[in-house]
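# Summary of structural features
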Amino acid sequence: MRDPHMSTTSVKAGLSTLEALEAEGIHILREAVATARKPVILFSGGKDSVAVLHLATKAFWPGRVPIELLHVDTGHNFDEVIAFRDATVERLGLRLKVAKVQDYIDDGRLRERPDGTRNALQTVPLLEAISDGGYDVVFGGARRDEEKARAKERVVSLRDEFGAWDPRNQRPELWNLYNTRHLPGQHVRVFPLSNWTELDVWRYIEREAIELPALYYAHEREVFERDGLLLTPHPALSRRDTEALERRVVRYRTVGDASCTGAVESPAASVADVIAEVAATRITERGATRADDRASEAAMEDRKKEGYF
């Protein structure tokens, strides 16, 4: 769902779609940082957070990105993604804060869910990390095309003193004017990729030659099928006797918690291959590969109201 002003802006300025989206993303980053006391970028090593960080490097070039990074680690992340996250942070010379769900489970502040998934458990560590870090502007890589609840949220999303989102209390964003003002104790989430689609992100990755974790591309992997998802064996998953292991050529469209994130069968081994594949699909990456979003029609919206990404 793209901003209706986007096409007009692009035509007037003579920009391509990607150029207009990039210019908008850089504008959002600069405007929000200009009014922020202490901003932070949510960075997991996934493609959308990588794209946001890449925009930030361009927005503040030739200086270093003046924003800290924050990752809420479920403890069930793919090892390859964590390694990529750490290598990226070191390469750019940035500061990364990691809030670990496992720490909250160990000291009793959180309990494991019966299904073993931890995505829903990220909310408390996230909110405490924001509060403890004194962050007032929190950048994320969410896009409107991912899921219905995210389609409702504005580029700048006001969160109350409990970190909660009220879909009925959103500010107008006419003429690409963004209001980041908030009361003490509140903060705003800011989404520079809000108007992008999955296809836009991949075309931008191709244009900018952005490196990603190898999981995004076709590779042979041991998987088993559960409820229509191809899952990878993981300590967090108890494989049932009826779930046979197979080796298949797969890739991941999203690289979240391994306990609820499935792969898709795919021969797409390059960025160009992925672009062709995404252009032909009619199912969003979350709809195709995320078990936690299938809990109910309002699963994501319910989590966002509690303070989730």
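Residues numbered from 1 in each chain as written. Predicted model: local features only at pLDDT ≥ 70, side-chain atom pairs only at ≥ 80, totals over all residues. Heavy atoms only, no water.

### Examining the overall build of the chain
Cut-off, in case you're wondering: Secondary structure counts use DSSP, requiring at least four H or I residues in a row for a helix and at least two E residues in a row for a strand, with both numbered from the N terminus. Whether a residue is buried, partly exposed or exposed follows from its accessible area with a 1.4 Å probe, protein chains only, as a fraction of its type maximum: under 20%, in between, or over 50%, in that order. Contact definition: two residues touch when any of their heavy atoms are within 4.5 Å.
Along the backbone of the chain there are 11 helices and 10 strands. Evaluated residue by residue, the chain yields a buried proportion of 55% over its 309 residues. For the chain, the proportion of contacts with a sequence separation of at least 24, taken over those separated by at least 6, is 71%.

### A short note on the packing of helix α8 (residues 198-208) against helix α9 (residues 271-280)
Helix-helix packing: each pair is described by the crossing angle between the helix axes and the interaxial distance. Note the cut-off: Axes here mean lines fitted to C-alpha atoms, for a helix over just the part in contact, with angles spanning 0 to 180 degrees between N-to-C directions. An angle counts as roughly parallel when it lies under 35 degrees, as roughly antiparallel when it exceeds 145, as roughly perpendicular when it falls between 65 and 115, and as oblique in every other case. Rotating anticlockwise by less than a right angle from the far helix to the near helix defines a left-handed crossing, while the corresponding clockwise rotation defines a right-handed one. Any residue outside Ala, Val, Leu, Ile, Met, Phe, Trp, Tyr, Cys, Pro, Asp, Glu, Lys and Arg is labelled polar, Gly included; the first ten of those are nonpolar and the last four are charged.
Relative to each other, α8 and α9 sit at 165°, their axes nearing to 10 Å. Here α8 lies roughly antiparallel to α9, going by the angle between them. Judged by the twist between their axes, the crossing of α8 over α9 is left-handed. Taken together, the residues of α9 that come into contact with α8 (itself represented by Glu 198, Leu 199, Trp 202, Arg 203, Ile 205 and Glu 206) are Val 271, Ala 272, Val 274, Ile 275, Val 278 and Ala 279. In terms of residue class, the contact of α8 with α9 is built from nine nonpolar, no polar and three charged.

### What about the sheet that holds strand β8 (residues 229-231)?
Note the following rule: At least two DSSP bridges between two strands are required for those strands to pair.
Taken in spatial order, the four strands of this open sheet run β8-β7-β9-β10, and their pairing is antiparallel. The sheet is open, and its two edges are formed by β8 and β10 (264-265), each paired on a single side.

### Thoughts on the packing of helix α2 (residues 17-35) against α8
Here α2 crosses α8 at 95°, and the two axes come no closer than 11 Å. When the interaxial angle is binned, α2 and α8 end up roughly perpendicular. Listed contacts from α8 to Thr 17, Leu 18, Glu 19, Leu 21 and Glu 22 of α2 are Asp 200, Arg 203, Tyr 204, Arg 207 and Glu 208. Among the residues making up the contact of α2 with α8, the classes are represented as three nonpolar, one polar and six charged.

### Quick notes on the environment of Phe 191
Relative to the helices and strands, Phe 191 is located in the loop between β6 (187-190) and α8. Residue classification places Phe 191 among the buried residues on the basis of a relative accessible area of 5%.

### Overview of the packing of aromatic side chains
The geometry of two aromatic rings is summed up by the distance between their centres and the angle between their planes. Here is the rule we go by: Within 6.5 Å between ring centres, the rings of Phe, Tyr and Trp (the latter by its six-membered ring) count as paired, and their orientation is classed by plane angle as stacked under 30 degrees, edge-to-face over 60, tilted in between. Throughout this description, the term charge over a ring refers to an Arg CZ or Lys NZ atom that lies within 6 Å of the ring centre and within 35 degrees of the ring normal.
Per the stated rule, a full pass over the model turns up four aromatic pairs. Here a set of aromatic residues connected by ring pairs shows up, and it is made of Trp 202, Tyr 216 and Tyr 217. When the ring centre of Tyr 104 is taken as origin, the NZ or CZ atom of Arg 109, which lies over that ring, is 3.6 Å away.

### What about the sheet that holds strand β3 (residues 96-100)?
Spatial ordering of the open sheet is given by β3-β2-β1-β4-β6-β5, a layout of six strands whose pairing is mixed. What marks the edges here is a single partner per strand, and that holds for β3 and β5 (156-159). Averaged over all adjacent pairs, the angle separating strand axes in this sheet is 25°, with direction ignored. Where strand β2 (residues 68-73) and β3 come together, five bridges link them in parallel fashion. Pairing of Leu 70 across the sheet is with Lys 97, part of β3. Packed on one face of the sheet, α2 meets β1 (39-42), β4 (137-139) and β6 and runs near 160° to β4.

### Quick notes on the nonpolar core
Most often, soluble globular proteins have nonpolar side chains that are buried together. The following threshold applies: We call a set of buried residues a nonpolar core when its members are Ala, Val, Leu, Ile, Met, Phe, Trp, Tyr or Cys and they connect through side-chain atoms within 4.5 Å of each other.
Formed by 58 residues in total, the largest nonpolar core has its most connected members in Ile 41, Phe 139, Val 190 and Trp 202. Of all the secondary structure elements, the ones that give two or more residues to this core are α2, α3 (47-59), α4 (79-92), β4, β5, β6, α8 and α9. Discounting chain neighbours no more than four positions away, the residues touching Trp 202 are Lys 47, Leu 212, Tyr 216, Tyr 217, Arg 251, Val 271, Val 274, Ile 275 and Val 278. Core analysis: the next-biggest nonpolar cluster, separate from the first, contains 15 residues, Leu 42, Val 72, Leu 121 and Leu 126 among them.

### Observations concerning the confidence of the model for the chain
Note the following rule: Across the chain, each position has a pLDDT score giving the predictor's confidence in that residue, from 0 to 100.
Overall, the prediction assigns the chain a mean pLDDT of 87, with 88% of residues at 70 or greater. This model gives residues 3-12 a pLDDT under 50, and the stretch forms 13 contacts once residues within four places in sequence are excluded. In the model, residues 292-296 has pLDDT below 50 throughout and makes 14 contacts with residues more than four positions away in sequence or in other chains.

### Side note on unusual backbone geometry
In the segment running from Trp 61 into Pro 62, the intervening peptide bond is cis, with an omega of 10°. In this fold, Pro 62 is placed in the loop between α3 and β2. Phi is positive for Asn 176, close to 55°, though the residue is something other than glycine. Structurally, Asn 176 can be placed in the loop between β5 and β6. Phi is positive for Asp 227, which is not a glycine, with a value near 50°. When you line up the elements, Asp 227 lands in the loop between β7 (219-226) and β8.

### Section: the pattern of salt bridges
Keep this limit in mind: The term salt bridge refers to a pairing of a side-chain nitrogen on Lys or Arg with a carboxyl oxygen on Asp or Glu at a separation within 4 Å.
This structure, assessed with the given rule, holds 24 salt bridges. The salt bridge involving Asp 48 is made with Lys 47; its shortest N-O contact spans 3.6 Å. Of the two residues, Asp 48 and Lys 47, both sit in the buried class. It is possible to trace a salt-bridge network through shared partners that takes in Glu 22, Lys 58, Arg 207 and Glu 208.

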